[in-house]
Amino acid sequence: MFTYGYEFISHSSHVDDRHKMSGYVVFVICMWSWRKAGTTSPGYITERNIPKYDNYPYDNLLYVNKKCPTLGFRKLARSKYDRFTKKHVARFDHYCGWIDNAVGEENYRFFLLFLFIHIAMCVYGTIVTFHLLRGEVRDRDLFNAIFFNAETGEEVEADFWVIAHYIFMRHFQLCAVFLLMGVMSVVLGLFFLFHLFIASRGMTTNEYYKWKQVHKWYKKEKDKFLKAVKEGKVSNNNQKSDSGQAKNTEKSSLAAANISDGDVGCVGPVQNRNVNIGEIPQEESVVDSNKDEDSHEIMDPGPRPKNIYDLGVVENLREVLFPRSLRRKSVDNTSCFVGKTKNV
């Protein structure tokens, strides 16, 4: 835009020269938001600051109380080991290659700000280039111009497509910028709306794709059970006994055994290739050691699993803007924990 668009603005009567200065301002803001999202810590968990990030209960489905097999300390609920940064991240969302940083509890708000500002830049650039190109059409009165076919020499009536082809060939670079920013406005806009949606539902990107696996598992088990009841292989009344309910609860918790806990990128789970042993050796599944010994039995999986971290739209968004780990209570807990450690 700086190379091709600004020269066009200087000769156009349809876009004010002040947009040159505002373009530089928008660019600086974009670079600031990129740096802010990329350099802000996502919330790295260590053995010393565990009390600061220990703010969520275990749901015993996506998260169970166990040690991180890579770093050796307790794996907090909603946290995850990130092999790119080789650190444990609180309320892990995903690893973003665009900002070269993990996105977690403490920098998720800046990641959303980064997206919003870049959407605004793309929309702004699309509008400015549109007015530049439309001004060219008006100044040259192209709808009343006479065009000729380059191959046959025949006269061609001016219409939208003929004029669009003419403008595209005459101002290829500027048209490419217009198309690029227009497409990116839509793509980034949809991506931003996706993150607003999952944030309002009390989920991270990591959890969103895990819940898709849980719902798939639940539907499969429920359909299997209902089919067995219909065929008379299982009595629905037997499932209401205490032992039956206990087994159902245990089986429901074992749904986590099939949930992938691998790398998560901007667009979802990423397959691990050429991963060194020791980086994520046991993080690939949430409950690797718990195999369902009664997998051949057909049982009612019970009520549909619910997300215990969904506290309502307002509270969910509040946790994004004001992370629990940065609230005074969490900071004070960390200070007390560190103080006790020094005394010992």
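Residues numbered from 1 in each chain as written. Predicted model: local features only at pLDDT ≥ 70, side-chain atom pairs only at ≥ 80, totals over all residues. Heavy atoms only, no water.

### Overview of unusual backbone geometry
Then, in step 1: Of note in this structure, Asn-60 is not a glycine but carries a positive phi near 55 degrees.
Then, in step 2: On the secondary structure map, Asn-60 appears in the loop between α3 (50-53) and β2 (66-67).
Then, in step 3: If you check the backbone angles, Asp-100 has positive phi at about 55 degrees while not being a glycine.
Then, in step 4: Within the element layout of this structure, Asp-100 appears in the loop between β6 (94-96) and β7 (101-103). (Helix = DSSP H or I, 4+ residues; strand = E, 2+ residues; numbered from the N terminus.)

### Focus: the pattern of salt bridges
Then, in step 1: Enumeration according to the criterion identifies 11 salt bridges in this entry.
Then, in step 2: Across the pair Asp-16 and Arg-18 runs a salt bridge whose closest N-O atoms are separated by 3.1 Å.
Then, in step 3: By relative accessible area, which is 64% here, Arg-18 ends up exposed.
Then, in step 4: Here Glu-315 and Arg-318 are joined by a salt bridge, their closest N and O atoms 3.2 Å apart. Pair noted here: Glu-315 and Arg-318 are both in helix α9 (residues 313-321), with a separation of three residues, about one helical turn.
Then, in step 5: Residue Arg-318 is classed as partly exposed on the basis of its relative accessible area, which comes to 38%. (Salt bridge = Lys/Arg side-chain N within 4 Å of Asp/Glu carboxyl O. Buried < 20%, exposed > 50% of the residue type's maximum accessible area, 1.4 Å probe, protein only.)

### Re the nonpolar core
Then, in step 1: By size, the foremost hydrophobic cluster in this structure holds 34 residues, and its most contacted members are Ile-45, Ile-99, Tyr-108, Phe-111 and Leu-115.
Then, in step 2: Mapped by element, the contributors of at least two residues to this core are α3, α4 (108-139), α6 (172-200) and α7 (205-230).
Then, in step 3: Residue contributions to this core peak at eight residues, all from α4.
Then, in step 4: When near neighbours in sequence (up to four residues on either side) are disregarded, Tyr-108 contacts Arg-91, Asp-93, Val-103, His-195, Ile-198, Ala-199 and Val-320.
Then, in step 5: Counting residues in hydrophobic clusters, the runner-up holds 15 residues, among them Tyr-6, Val-15, Leu-142 and Leu-174. (Core = buried A, V, L, I, M, F, W, Y, C linked by side-chain atoms within 4.5 Å. Contact = heavy atoms within 4.5 Å.)

### Some details on the sheet that holds strand β4 (residues 80-82)
Then, in step 1: Here three strands make up an open sheet; going across it, the order is β1-β5-β4 and the pairing antiparallel. The strands lining the two open edges of the sheet, one partner per strand, are β1 (44-45) and β4.
Then, in step 2: Across two bridges, the pairing between β1 and strand β5 (residues 87-89) is antiparallel. Each residue of the ladder has a partner; that of Tyr-44, found in β5, is Val-89. (Pairing = 2+ DSSP bridges.)

### Comments concerning the packing of aromatic side chains
Then, in step 1: Considering all chains together, one arrives at 13 aromatic pairs under this definition.
Then, in step 2: Their ring planes at 85 degrees and their centres at 5.0 Å tell us that Tyr-208 and Tyr-209 sit as a pair that is edge-to-face.
Then, in step 3: In this structure an aromatic cluster arises from ring pairing among Tyr-108, Phe-111, Phe-114 and Phe-191.
Then, in step 4: Residue placement shows Arg-78 over the ring face of Tyr-56; its charged tip is 4.8 Å from the ring centre.
Then, in step 5: Geometry around Phe-84 places Arg-83 over its ring, the cationic atom sitting 4.8 Å from the centre. (Phe/Tyr/Trp six-rings, centres within 6.5 Å; stacked < 30°, edge-to-face > 60°. Lys NZ or Arg CZ within 6 Å of the ring centre and 35° of its normal.)

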